[in-house]
Amino acid sequence: MTVKQSRRPDDAPAPSVLTPELRAQAEAIAAKYPNSRSALLPLLFLVQSVEGYVTDEGMREVAEILDLEPAQVLSSGSFYTMLKKRPQGEYLVSVCRNISCTHMGARKVVRALEEHLGIEAGATTQDGRFSLEAAECLATCDGAPSMQVNYEDFYKVTPDEAVAIVEKLGRGEVVLSVRGEPVKTSKEISHETATAGLRRPVTEMGYMPTMGGETPKQGTGPGMRPKVPGKGQES
Amino acid sequence: MAATETRIVTQRLREFPQDSWTLKRYLDSDGYRAARQVVTEVTPDETIALAKDSGLRGRGGAGFPTGLKWSFVPKDVFPKYVVINHDEGEPGTFKDRELAEMDPHQLIEGITIAAWANQASKAFIYCRGEFALGSRRMDAAIAEAYERGFLGKGIFGSKFDLDIILHRGAGAYICGEESALLDSLEGYRGQPRLRPPFPAVKGLYGQPTVINNTETVSTLPHIVNNGVDWFKKIGTEKSPGTKMMSVSGHVNAPANYEVPLGTSLADILELAGGMRDGRPVKAIIPGGASAPLLTDTNIPMDFEALKEAGTMLGSGAIVFMDDTTCMVRNALVTAEFFAHESCGKCTPCREGTWWKVRILERLEHGEGRQEDMDLLLDICNGMDGRSFCPLGDASAWAVRSNVKLFREEFQAHVDAGRCPFDDEHEQLVGARAGGVGLGEAGIGDQPAAGIWPDADGGA
């Protein structure tokens, strides 16, 4: 049995993407779950709320908090479209390109936004204000063609309306979604996503015995797989 | 007789759209009575029997009997978990979203009943990442329920503890597949697990886990309040109750309509205000993008009748398409969706979805070849039944039915060397979902998603 060494040299500074306050939130998020690994996605959102995207440093810090290897964090994080690996705009404009929306004219909306922003769908403007994506079904088919800006909804948008919304945001004005929710910046919405379910006091979170008075056995590990030893653990 | 809705789960949100999501409104309309009664007066076994007797079937897509699913959970293994599949992503579906945004307390009450029946003291809501408003409302509702003692330690003054943990996804359709959802909830890539063991025996963290859909559990309080006999009088013998139908496409009034199972598709079209501009129906997706197409509205919408017609009710997402619709484009958009969402775990799905997009893309661009239709069918046959999870199968069903039902339209694209409908495809630059996973929306040089630089060297 050998003790696994961290790949980070001892004299290297510990990664510190998260402020002490966010670090405390990260601990609270991890405490929500019977197994802290479940906090992996929320913590990556937390990193995204600071850096605007998921940085290597951020992934290392998440690995350290959750006692995982950075590669394990990358493996999971790279699977999900809402976690961005490259700098993205302050406002992410997602136009649904799925069945109902395409049949109701979504391609024209995408085209108009591409022309207005001077970028292709899938890219970010040079000033870092807007990202544009042709998204998969946003579950607002009754509002086809539908669009989200940082995950707030806009229904039945015409090409002109879509451009007008982007122009308004560009001027720094407050824009309300069809449901009356103000559009947040991508960092703000990332933070909200990370901390979903933390509304009630943290003291109530965490371990609570079940009827049988048992929690999952430590050896069981997550799911059906043996736990991969993390830093400082015996392998 | 004009078609009408039978509103059960959507009753409150239709009647009080201004505040249906608040605790006050919920309590004013008898809210939490069912959960209180079940937890304080009914045994877990009786609750499972209630679900079984009601004949309630899962509303997420598979239509599996809910009570039967619960009965598979071993009685003597603890802890157990209830997980709510709120990762609604099947193209055309928008029912769970509305339920969570407009009536989150109904969902919480349903979860309480499911948790009591299965003696699970922790329940998780796996909420789709893109659902910002729904998450906000559920978060607030959960906090309110804790304050009132409806959640937490000793709920409703009983000895039963229940925690509900709201968890957000991060953008992956595959996580709607229940075993992939569990992997995602555990912090892994959302890839499906080999079954057996089934989640009821070994699910979340290797413990017995019940996974139910949002609409399914939202129905539970009404069954408790009104009784099994009331519920069984609605709908058909084998598919009792109502179903929310998400109607979209070329109709005048796209929306969710709650109707008894077995209501005819024609009636649902009437509810949705008929086809826009009075145009004829060309094709109908009866149960989400995964379901093979129909061309006739003269069919009852229930699990059995649609299965007999070679398609499925799925999640109840109905997309009506009129005669201006290009079916090659429809097939392409569908294929692109599955290619984007394929998790990459198994070869037939990973490769098959990708190749179908390439072939359909050249067909829509007028560069299709005579053999392409057969090639598509061949790829579909290579995927159907050979994929690891239903995503690959569904992708095959969807594209196959487009090719089979509208083959002459595919042929017309090949013959004319262009799309006979319009030139929308020529305006496309990056209007594709593009690459999978991390990496979209970066600054600087990027692959032009949607334009295949080596298209000529392909297939």
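Residues numbered from 1 in each chain as written. Chains lettered and ligands numbered in written order. Predicted model: local features only at pLDDT ≥ 70, side-chain atom pairs only at ≥ 80, totals over all residues.

With that settled, the discussion passes to the overall build of chain B. The number of helices and strands found in chain B is 19 helices and eight strands. Computed over its C-alpha atoms, the radius of gyration of chain B comes to 23 Å, within 12% of the 23 Å expected for a compact globule of 459 residues. Expressed along its principal axes, the backbone C-alpha trace of chain B runs to roughly 70 × 50 × 40 Å. Burial statistics for chain B: of 459 residues in total, 62% are counted as buried. For chain B, the share of sequence-separated contacts (at least 6 apart) that also reach a separation of at least 24 residues comes to 70%. (Helix = DSSP H or I, 4+ residues; strand = E, 2+ residues; numbered from the N terminus. Rg over C-alpha atoms; globule rule 2.2 N^0.38 Å. Buried ≥ 20, exposed ≤ 12 C-beta atoms within 10 Å, placed from the backbone. Contact = placed C-beta atoms within 7 Å.)

Before going further, it helps to spend a moment on the overall build of chain A. Scanning chain A from terminus to terminus reveals eight helices and four strands. Counting from the amino terminus, chain A carries its helices and strands in the arrangement α-α-α-α-β-α-α-β-β-β-α-α. Out of the 235 residues belonging to chain A, those deemed buried represent 51%. The long-range share in chain A, meaning contacts at least 24 apart out of those at least 6 apart in sequence, stands at 66%.

Residues and elements named next belong to chain A. Looking at chain A as a whole, its pLDDT mean stands at 84, while 78% of the residues score no less than 70. Long-range and interchain partners of residues 1-5, a stretch whose pLDDT sits below 50, account for nine contacts in this model, where long-range means more than four residues apart. Note that pLDDT drops below 50 for residues 201-224; the model gives that stretch 48 contacts with residues more than four away or on any other chain. (pLDDT = per-residue confidence, 0-100.)

This part is about the sheet that holds strand 6 (residues 255-260) of chain B. Residues and elements named next belong to chain B. Within the open sheet, the four strands sit side by side as 6-5-8-7. Their pairing is mixed. Of all strands in the sheet, those with a lone pairing partner are strand 6 and strand 7 (281-285), marking the two edges. Shown here is a sheet whose adjacent strand axes are inclined to one another by a mean of 30°, direction ignored. In this sheet, strand 8 (residues 317-322) lies alongside strand 5 (residues 242-249) in parallel orientation, the contact comprising four bridges. Residue pairing for strand 8: Gly249 is matched across the bridge by Phe320. (Pairing = 2+ DSSP bridges. Axes fitted to C-alpha atoms, helices over the stretch in contact; angles between N-to-C directions.)

A separate point is the interface of chain B and chain A. On the side of chain A, 79 residues touch chain B, which itself brings 82 residues to the contact. Along the lines of polarity and charge, the residues of the side of chain B that touches chain A split into 35 nonpolar, 29 polar and 18 charged. (Nonpolar A, V, L, I, M, F, W, Y, C, P; charged D, E, K, R; others polar.)

Summarising the element assignment, Val319 of chain B is placed in strand 8. Exposure remark for Val319 of chain B: the 31 C-beta atoms within 10 Å place this residue in the buried category. Sequence spacing of Val319 of chain B and Ala35 of chain B is 284 residues, and the spatial spacing of their C-alpha atoms is 36 Å. Residues contacting Val319 of chain B, with those up to four places away along its chain left out, are Ile99 and Ser100 of chain A together with Gly92, Ser248, Gly249, Ile284 and Ile285 of chain B.

Attention now moves to the sheet that holds strand 4 (residues 152-154) of chain A. All names here are of chain A. Spatial ordering of the open sheet is given by 2-1-3-4, a layout of four strands whose pairing is mixed. Each edge of the open sheet is held by one strand with a lone partner, namely strand 2 (130-135) and strand 4. Taking the axes of each pair of neighbouring strands and ignoring which way they run, one obtains an average angle of 25° across the sheet. Where strand 1 (residues 91-96) and strand 3 (residues 147-149) come together, three bridges link them in antiparallel fashion. Note on strand 3: the bridge partner recorded for Val95 is Met147. Relative to strand 1, helix 6 (residues 106-117) is tilted by about 150°, and along the sheet it contacts strand 1, strand 2 and strand 3. The sheet strands contacting helix 7 (residues 159-170) are strand 1, strand 2, strand 3 and strand 4, and the helix crosses strand 3 at an angle near 5°.

On to the packing of helix 3 (residues 56-66) of chain A against helix 4 (residues 70-77) of chain A. Residues and elements named next belong to chain A. Taken N-terminus to C-terminus, the directions of helix 3 and helix 4 make an angle of 110°; their axes are 8 Å apart at the nearest point. In terms of orientation, helix 3 lies roughly perpendicular with respect to helix 4. For the element pair helix 3 and helix 4, the recorded crossing hand is right-handed. Where helix 3 approaches helix 4, its residues Met59, Arg60, Val62 and Ala63 are matched on the opposing element by Pro70, Gln72, Val73, Leu74 and Gly77. Of the residues belonging to the contact of helix 3 with helix 4, the class tally is six nonpolar, two polar and one charged. (Parallel < 35°, antiparallel > 145°, perpendicular 65-115°, else oblique. Left-handed = near helix turned anticlockwise from the far one by under 90°.)

This brings us to the pairing of strand 1 (residues 81-86) of chain B. Moving residue by residue along a regular strand, the side chains alternate between the two faces of the sheet. Residue and element names in this part refer to chain B. Of all six residues making up strand 1, six are buried, and the element is well covered by its neighbours. As paired elements, strand 1 and strand 4 (residues 209-213) share five bridges and run parallel to each other. Paired with Ile84 across the two strands is Asn212, which belongs to strand 4.

So, on to the domain arrangement of chain A. For chain A, the assigned domains read domain 1 (20-84 + 191-206) and domain 2 (91-184). Each of domain 1 of chain A and domain 2 of chain A has a C-alpha centre, and these two points are 27 Å apart. (Domains from an automatic or database assignment.)

Residues and elements named next belong to chain B. Those residues of helix 18 (residues 407-416) lying buried are Glu409, Phe410 and His413. Buried residues of helix 18 fall within an arc of 105° about the axis and therefore sit on the same side. Contact partners of the buried residues in helix 18: helix 14 (327-341), helix 15 (347-364), helix 16 (372-383) and helix 17 (390-405). Note on helix 18: the residue one or two positions beyond its end, Gly417, has a positive phi of about 70°. (Arc of directions from axis to C-beta.)

Take the environment of Val281 of chain B next. Residues and elements named next belong to chain B. Here Val281 is to be found in strand 7. Residue classification places Val281 among the buried residues on the basis of 22 C-beta atoms within 10 Å. For the pair Val281 and Ile84, spaced 197 residues apart in sequence, the C-alpha separation works out to 36 Å. With residues up to four places along the chain from it excluded, the contact list for Val281 reads Met275, Thr297, Phe320 and Asp322.

All names here are of chain B. For chain B, the assigned domains are domain 1 (11-233), domain 2 (242-322) and domain 3 (327-423). Just the C-alpha atoms count here: the centres of domain 2 and domain 3 sit 23 Å apart. When its residues are assigned to classes, the side of domain 2 that touches domain 3 shows five nonpolar, two polar and no charged.

Among the nonpolar cores identified, the biggest contains 165 residues, and Leu43 of chain A together with Ile268 of chain B are the most heavily contacted of them. Element by element, the count of residues in this core is highest for helix 14 of chain B, at nine residues. The contact partners of Ile268 of chain B, leaving out residues within four places of it in the chain, are Met245, Val247, Tyr257, Val259, Thr263, Met301 and Ile318 of chain B. (Core = buried A, V, L, I, M, F, W, Y, C linked by C-beta atoms within 7 Å.)

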